[in-house]
Amino acid sequence: MTRVAPDYRADPFDSLRRTGLYVLFDPETRADWRDQLAAIQDAGVRWFQLRSKQATSGQLQQVARQARIILDRSILIINDDLSVALASDADGIHVGPDDLAPARIRNATGPGFLVGRSGDDPAMMAGPDARQIDYFGVGTVRPTASKQDAGDAIGVDGIRAAAEMAERPVIAIGGLTIADLPLLRRAGATAAAVLSGIWGQPDPAAVAHQYLDAWAADR
């Protein structure tokens, strides 16, 4: 029997373009992570990335499977770990320039699996590997404390340059505030990826609403 993809997987970038928000979450930092994840989804967010540098692969797999059940209307991306992504029925993986090559991921997963890659190297965006990548995470836009190895901030102008160059959706990353979202949308970004600005707040869902409203402003 042919497996029918859920509606949110039929055109995953449609919801991302409309909402403009891609929320990163780390269960290691919140005991109430399940409730908060569900509340952020209820707020209207449709893309999530599980990113936890402290968890072991086994712990990450257990968390990813739980997150997959909670995020029943959303895209779930796993940071770096392909084995966890496959074992949890996640929708894709996000890797850095020095991680597993996109071509190897594609060979192991097939065309329906989403592959995101961080960086703003022009060769990465226009080279042979670009055909294996579904979206680029570009930044850091602003200085950020959540990624200690981030390079110099590129600002909104850097996002504009990347969006003009890339043949794939560009997701802005790094220290993004609510006020940045309309600027990023006008610069050509498909969405903004946010970790501490939402996940690190006392009421993440309420703040997510504000980000969503900012993306939709003046449209």
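Presented here is an overview of the structure given in this document. What you are looking at is a predicted structure, and each value in this text was computed from that prediction instead of being measured.

**Structural notes on the sheet that holds strand β3 (residues 75-79)**
Right, so step 1: Spatially, eight strands are ordered β1-β2-β3-β4-β5-β6-β7-β8 in a closed barrel, and the strand pairing comes out parallel. Within the sheet, the average angular offset between the axes of one strand and its neighbour, ignoring direction, is 25°.
Right, so step 2: Sheet contacts for helix α2 (residues 12-19): β1 (21-25), β2 (47-50), β3, β5 (114-118), β6 (135-138), β7 (170-173) and β8 (191-194); angle to β2, the most-contacted strand, approximately 100°.

**Some details on the pattern of salt bridges**
Right, so step 1: Going through the model one piece at a time under the given rule, you end up with 11 salt bridges.
Right, so step 2: Here Arg30 ties to Asp32 by a salt bridge, and the two come within 3.0 Å at their closest N and O atoms.
Right, so step 3: For Arg73, the salt bridge identified is with Asp72, shortest N-O distance 3.4 Å.
Right, so step 4: Overall, the relative accessible area of 36% leaves Arg73 in the partly exposed class.
Right, so step 5: A residue is classified by how much of its surface remains accessible, and Asp72, at 48% relative accessible area, is partly exposed.
Right, so step 6: Connected through salt bridges with shared partners, the residues Arg9, Arg68, Asp89 and Asp91 form a single ionic network.

**Comments concerning the environment of Gln41**
Right, so step 1: Within the secondary structure layout, Gln41 lies in helix α3 (residues 33-43).
Right, so step 2: In the structure, Gln41 is positioned 73 residues away from Leu114 in sequence and 20 Å away in space, judged by C-alpha atoms.
Right, so step 3: Those residues within four positions of Gln41 in sequence are excluded, and the remaining contacts are Arg46, Phe48, Ile70, Leu71, Asp72, Arg73 and Ser74.
Right, so step 4: Polar contacts involving the side chain of Gln41 include one to the main-chain carbonyl oxygen of Ile70, which spans 3.1 Å.
Right, so step 5: At 3.3 Å, the side chain of Gln41 forms a polar contact with the side chain of Asp72.

**Some points on unusual backbone geometry**
Right, so step 1: Residues Gly139 and Thr140 are joined by a peptide bond in cis, for which omega reads 20°.
Right, so step 2: Mapped onto the fold, Thr140 is located in the loop between β6 and α8 (155-165).

**Quick notes on α3**
Right, so step 1: Buried within α3 we find Trp33, Gln36, Leu37, Ile40, Gln41 and Ala43. In a view along the axis of α3, the buried residues occupy a sector of 155°, so they form one face of it. Among the exposed residues of α3, those pointing more than 90 degrees away from its buried face are Asp35 and Asp42.
Right, so step 2: Lining the buried residues of α3 we find β1, β2, α4 (57-70), α10 (196-199) and α11 (204-216).
Right, so step 3: Within two residues after α3, Gly44 carries a phi angle of roughly 125°, on the positive side.

**Thoughts on the nonpolar core**
Right, so step 1: Formed by 69 residues in total, the largest nonpolar core has its most connected members in Leu21, Tyr22, Leu37, Trp47, Ile159 and Ile198.
Right, so step 2: Among the elements that take part in this core, α11 stands out by supplying six residues, more than any other.
Right, so step 3: Beyond its immediate stretch of four places on either side in the chain, Trp47 contacts Pro12, Phe13, Ser15, Leu16, Leu21, Tyr22, Val23, Ile75, Ile77, Leu114 and Tyr135.

**Observations regarding the packing of aromatic side chains**
Right, so step 1: Applying the stated criterion across every chain yields a total of seven aromatic pairs.
Right, so step 2: Summarising the aromatic geometry, the rings of Phe13 and Tyr135 are spaced 6.4 Å apart at their centres and angled 65° between planes, so their arrangement reads as edge-to-face. Placement of Phe13 in helix α2 and of Tyr135 in strand β6 is noted, with a sequence separation of 122 residues between them.
Right, so step 3: When its relative accessible area of 0% is taken as the criterion, Tyr135 is described as buried.
Right, so step 4: Aromatic ring contacts, followed pair by pair, group Phe13, Tyr22, Trp47 and Tyr135 into a single cluster.
Right, so step 5: If you follow Arg30 out to its NZ or CZ, it ends over the ring of Trp199, 5.7 Å from the centre.

**Overview of helix α9 (residues 180-187)**
Right, so step 1: The element α9 is largely enclosed, with a buried count of six among its eight residues.
Right, so step 2: Among the residues of α9, those classed as buried are Asp180, Leu181, Pro182, Leu184, Arg185 and Ala187.
Right, so step 3: The inward-facing, buried residues of α9 abut α8, β7, β8 and α11.
Right, so step 4: Two residues or fewer past α9, Gly188 is found with a positive phi of approximately 105°.

Quick notes on the rules
- Residues numbered from 1 in each chain as written.
- Predicted model: local features only at pLDDT ≥ 70, side-chain atom pairs only at ≥ 80, totals over all residues.
- Heavy atoms only, no water.
- Pairing = 2+ DSSP bridges.
- Helix = DSSP H or I, 4+ residues; strand = E, 2+ residues; numbered from the N terminus.
- Axes fitted to C-alpha atoms, helices over the stretch in contact; angles between N-to-C directions.
- Contact = heavy atoms within 4.5 Å.
- Salt bridge = Lys/Arg side-chain N within 4 Å of Asp/Glu carboxyl O.
- Buried < 20%, exposed > 50% of the residue type's maximum accessible area, 1.4 Å probe, protein only.
- Polar contact = N/O pair within 3.5 Å; in protein donor to acceptor, adjacent residues only side chain to side chain.
- Arc of directions from axis to C-beta.
- Core = buried A, V, L, I, M, F, W, Y, C linked by side-chain atoms within 4.5 Å.
- Phe/Tyr/Trp six-rings, centres within 6.5 Å; stacked < 30°, edge-to-face > 60°.
- Lys NZ or Arg CZ within 6 Å of the ring centre and 35° of its normal.

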